[in-house]
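For reference, the chains in residue letters:
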Amino acid sequence: MADTIADTRRLFTKPQNLNDAYGPPSNFLEIDVSNPETVGVGRGRFTTYEVRLKTNLPIFKLKESSVRRRYSDFEWLRGELERESKVVVPPLPGKALFRQLPFRGDSGIFDDSFIEERRQGLEQFLNKVAGHPLAQNERCLHMFLQDESVDKTYTPSKIRQA
């Protein structure tokens, strides 16, 4: 058996400067779901959430955006991604059917603690989905994150990077 000698020389790396260490990351995608607002009365009452996006990924046309979405919009996005993409789409936080029953001692789905729990779940859902490279090519995701209103009659397609 021939003797082999391990190469233990270090790879040459350039020294890191302050801009490299503390500058903006090379690629980032930040999505926050915040500021829940309950609007309407009676059976027409619903909660909307502000969805804020900050990114430097070239696939997104806007580097910063802020839109308002309701739970049914998140359900629409999930359904579109399941139908149109090859991505395994994570679940949304539950519908809370029990909380919608009348004569409960709390505010049901409009209770502050429930809204906060749902907000956190929606934020986790969006960050998982938008962080997936294949999902980032889906027009429905871009529309959901950056267009003022969701056109549910759109033609599904892929986004081409500029």
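The model shown is predicted, which means the values in this text are computed figures rather than measured ones.

The subject of this paragraph is unusual backbone geometry. Leaving glycine out, the prevailing phi sign among residues is negative, and the prevailing peptide bond configuration is trans. The phi dihedral of Asn35 is positive, around 45°, even though this residue is not glycine. The residue Asn35 is located in strand β1 (residues 29-39) in this model. Its relative accessible area of 41% is what places Asn35 among the partly exposed residues.

Judged by nonpolar contacts, the single largest core of 32 residues is most densely connected at Val51, Phe74, Leu77, Phe125, Leu126 and Leu145. Among the elements of the structure, β1, β2 (46-55), α2 (71-84), α3 (112-130) and α4 (139-146) are those that each provide at least two residues to this core. Those residues within four positions of Leu145 in sequence are excluded, and the remaining contacts are Ile31, Val51, Leu53, Phe60, Ser65, Val67, Leu126 and Ala130.

As a further point, take the sheet that holds strand β3 (residues 64-70). Sheet architecture is open: 3 strands sit in the order β1-β2-β3, paired in antiparallel fashion. Only two strands of the sheet have a single neighbouring strand rather than two, namely β1 and β3. Strand-to-strand twist of the sheet, defined as the mean angle between neighbouring strand axes without regard to direction, takes the value 20°. One ladder, built from 9 bridges, connects β1 with β2; its direction is antiparallel. Across the sheet, residue Glu30 finds its bridge partner in β2, namely Lys54. The strands touched by α2 within the sheet are β1, β2 and β3, with β3 carrying the most contacts at an inclination of about 105°. Most of the contacts of α4 go to β3, to which it runs at about 90°, and overall it touches β1, β2 and β3.

Each value, and the rule that gives it
Per chain, residue numbering runs from 1 following the sequence as it is written. In keeping with the predicted nature of the model, local features appear solely for residues at pLDDT of at least 70, side-chain atom pairs appear and are counted solely at 80 or more, and the whole-chain, interface and lining totals rest on all residues. The side-chain quantities take in all heavy atoms of the structure and omit both hydrogens and water. Numbering of helices and strands runs from the N terminus; a helix is a DSSP stretch of H or I covering at least four residues, while a strand is a stretch of E covering at least two. Using a 1.4 Å probe on the protein chains alone, a residue whose accessible area is under 20% of its type maximum counts as buried, one over 50% counts as exposed, and one in between counts as partly exposed. To define a nonpolar core, start from buried Ala, Val, Leu, Ile, Met, Phe, Trp, Tyr and Cys residues and group those joined through side-chain atoms within 4.5 Å. For this analysis, residues touch if any pair of their heavy atoms sits within 4.5 Å. Two strands make a pair as long as DSSP finds a minimum of two bridges between them. Fitted lines through C-alpha atoms give the axes, limited to the stretch in contact for helices. The angle between two N-to-C directions lies from 0 to 180 degrees.

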